[in-house]
Amino acid sequence: TQLLKQSPQFLSIQEGENLTVYCNSSSVFSSLQWYRQEPGEGPVLLVTVVTGGEVKKLKRLTFQFGDARKDSSLHITAAQPGDTGLYLCAGGYTDKLIFGTGTRLQVFP
Amino acid sequence: GAGVSQSPSNKVTEKGKDVELRCDPISGHTALYWYRQRLGQGLEFLIYFQGNSAPDKSGLPSDRFSAERTGESVSTLTIQRTQQEDSAVYLCASSLVYRGQGYTFGSGTRLTVV
């Protein structure tokens, strides 16, 4: 069974702080995606990484795929209240995505 | 349509009744997925359709759950004899043929079994 564990499960921080969310598995994935979900909505794709060691930046967000393609991290610099939401990693396995357990982020002004 | 449309957005049903949830994918997206999300948790894979291939039903939790898709269009997820543990948000997503493509999700159907 493929399992993606995210840590931390919950994170409450002040505006302006930096944070890192981790996504770990014992399985190798063909790609790794990160999504953000707001209440009452479906998840929205933030980024896809496909190469081991790959780093992608999206404004204040930096995503990294582990060299062995088993783990990933999401780093947010100078968090803002608009970053609040549920962050989900998802690993590509055969023809479907396996989603992580989620990290709920709350950023206070 | 421009996005993935799901209906109804909310459904309250009595225990033991059957329910049907509908998903309209993005036109041209050959792949369609159903996931279940319990309160405050991640997404649990249910079933996957790809074109005319046999669906991947490996995530369906019991034989009370079934899904159909007509060609590359609408899909319905049916839950028979609903139980309280079926209460969750049911999310549908579609994508182009999956090779690292992102999914586009609908807003989900919130199912409450009372």
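Throughout what follows, the structure given in this document is the object of discussion. Given the structure is predicted, the values throughout are model-derived calculations rather than measurements. (Residues numbered from 1 in each chain as written. Chains lettered and ligands numbered in written order. Predicted model: local features only at pLDDT ≥ 70, side-chain atom pairs only at ≥ 80, totals over all residues. Heavy atoms only, no water.)

**Quick word on the pairing of strand E6 (residues 65-69) of chain B**
All names here are of chain B. What you see with E6 is a clean split: Phe65, Ala67 and Arg69 sit on the buried side and Ser66 and Glu68 on the side with no burial. Pairing geometry for E6 and strand E7 (residues 75-79), over 5 bridges, is antiparallel. From the neighbouring strand, arginine 69 faces E7, where its bridge partner is serine 75. Here E6 folds back onto E7, and the loop between the two strands holds 5 residues, one of which, glycine 71, carries a positive phi near 60°. (Buried < 20%, exposed > 50% of the residue type's maximum accessible area, 1.4 Å probe, protein only. Helix = DSSP H or I, 4+ residues; strand = E, 2+ residues; numbered from the N terminus. Pairing = 2+ DSSP bridges.)

**Some remarks on the layout of surface pockets**
There is about 430 Å³ of room inside the largest pocket. Forming the boundary of the largest pocket are 22 residues, of which A:Gln37, A:Gly40, B:Gln37, B:Val89 and B:Arg110 lie nearest the centre. Those elements that place two or more of their residues in the lining of the largest pocket are strand E8 (88-95) and strand E10 (109-113) of chain B. In terms of residue count, E8(B) provides more of the lining of the largest pocket than any other element does, 3 residues in total. Of the residues that constitute the lining of the largest pocket, the class distribution is 6 nonpolar, 11 polar and 5 charged. Considering only enclosed or pocket space, the second largest pocket measures out at about 310 Å³ in volume. (1 Å grid on protein atoms, 1.4 Å probe; cavity = no way out; pocket = protein on both sides within 12 Å on 5 of 7 lines; lining within 4 Å. Points joined across faces, edges and corners; volume = space filled by probe spheres on them. Nonpolar A, V, L, I, M, F, W, Y, C, P; charged D, E, K, R; others polar.)

**Quick word on the pairing of strand E3 (residues 19-24) of chain A**
Residues and elements named next belong to chain A. Residues Leu19, Val21 and Cys23 point to one face of E3 and are all buried, whereas Thr20, Tyr22 and Asn24, pointing to the other face, are not buried. In terms of strand pairing, strand E1 (residues 5-7) meets E3 through 3 bridges, oriented antiparallel. Among the inter-strand pairings, lysine 5 is bridged to a residue of E3, identified as asparagine 24. Of the strand pairs in this sheet, E3 and strand E8 (residues 71-76) are connected by 6 bridges, and their pairing is antiparallel.

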